[in-house]
Amino acid sequence: MAQHRSTRMAGKPWVRPGVRELGPTVRALGGMKDHVHKVRFDRLDRLSKRLDSVFRIPGTRFRVGYDAIAGLLPGIGDAAAMVPAVVIIVESYRMGLPGHKLARQGINVAVDTTIGSIPVLGSFFDAWYKSNLRNVDILRSHLEGVSTDVIDAR
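Residues numbered from 1 in each chain as written. Predicted model: local features only at pLDDT ≥ 70, side-chain atom pairs only at ≥ 80, totals over all residues. Heavy atoms only, no water.

## Some points on the overall build of the protein chain
Then comes step 1: Within the protein chain one finds 8 helices and 2 strands.
Then comes step 2: For the protein chain, the sequential pattern of α-helices and β-strands runs α-α-β-β-α-α-α-α-α-α.
Then comes step 3: Per-residue burial over the protein chain gives 36% buried out of 154 residues.
Then comes step 4: Within the structure as shown, the protein chain displays about 9500 Å² of accessible surface, and the carbon and sulfur contribution to it stands at 63%. (Helix = DSSP H or I, 4+ residues; strand = E, 2+ residues; numbered from the N terminus. Buried < 20%, exposed > 50% of the residue type's maximum accessible area, 1.4 Å probe, protein only. Areas by Shrake-Rupley, 256 points an atom, 1.4 Å probe, with all protein chains shown as cover.)

## Looking at the pattern of salt bridges
Then comes step 1: A full pass over the atoms with the stated rule returns 7 salt bridges.
Then comes step 2: For the salt bridge of Asp42 with Arg46, the shortest nitrogen-to-oxygen distance reads 3.2 Å. Remark: Arg46 and Asp42 occur in helix α2 (residues 38-53); sequence separation between them is 4 residues, near one turn of the helix.
Then comes step 3: Of the residues examined, Arg46 reaches a relative accessible area of 39% and is grouped as partly exposed.
Then comes step 4: In this structure, Asp137 engages Arg140 in a salt bridge whose closest nitrogen and oxygen atoms are separated by 2.3 Å. Taken together, the residues span about one helical turn, with Asp137 and Arg140 both in helix α7 (residues 131-145) at a distance of 3 residues.
Then comes step 5: Several salt bridges converge on common partners, so that one network encompasses Arg40, Arg43, Glu91 and Arg94. (Salt bridge = Lys/Arg side-chain N within 4 Å of Asp/Glu carboxyl O.)

## Details of helix α4 (residues 76-94)
Then comes step 1: Helix length check: α4, at 19 residues, gives a terminal C-alpha distance of 28 Å against a target of 27 Å (1.5 Å per residue), a fit within 8%.
Then comes step 2: Buried positions along α4 lie against α2, α3 (66-70), α5 (99-116), α6 (121-129) and α7.
Then comes step 3: Phi turns positive one or two residues past the end of α4, at Gly96, with a value near 90°. (Expected span 1.5 Å × (residues − 1). Contact = heavy atoms within 4.5 Å.)

## Things to note about the packing of aromatic side chains
Then comes step 1: The full count for this structure, using the stated rule, is 4 aromatic pairs.
Then comes step 2: Summarising the aromatic geometry, the rings of Phe125 and Trp128 are spaced 5.8 Å apart at their centres and angled 50° between planes, so their arrangement reads as tilted. Placement of the pair is Phe125 and Trp128 together in helix α6, with a separation of 3 residues, close to one helical turn.
Then comes step 3: The class for Trp128 is exposed, based on a relative accessible area of 54%.
Then comes step 4: Among the aromatic residues, ring-to-ring pairing joins Phe125, Trp128 and Tyr129 into one connected group.
Then comes step 5: Here Lys130 stacks its cationic end above the ring of Phe62, 4.9 Å away from the centre of that ring.
Then comes step 6: Residue placement shows Arg134 over the ring face of Trp128; its charged tip is 5.9 Å from the ring centre. (Phe/Tyr/Trp six-rings, centres within 6.5 Å; stacked < 30°, edge-to-face > 60°. Lys NZ or Arg CZ within 6 Å of the ring centre and 35° of its normal.)

If you want it as structure tokens, here you go:
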């Protein structure tokens, strides 16, 4: 008799292939399953990975995302890639990121957009710099450092 896939098999719960048992945010936020910003952070984490590291270059460990690919279109690509980068900064502000860390995120986006606008060289820079992943890491380190009691008191 075949077991239903949602039942435990060999002591482990069934998990859809390609999906971790715990979401990336649970691990990223130090196991805080009930963190007040878990869902919002998880969405930003997925967005940053799509923008900066969705494709692996065959034969290497190097990854590129839609940001570097869009940068191949002169002018329009970098402007289009800046929109989701600004969304990450706005959401970080809404989640209580302090001003000096928001400024760091803004500098990351400004550097990425400015140097990324240089034809060809800018696309290589976008692929290497990964400003969106850097900005989500700034937010992650802040959320890990703030206790849930402090967040709930806001």
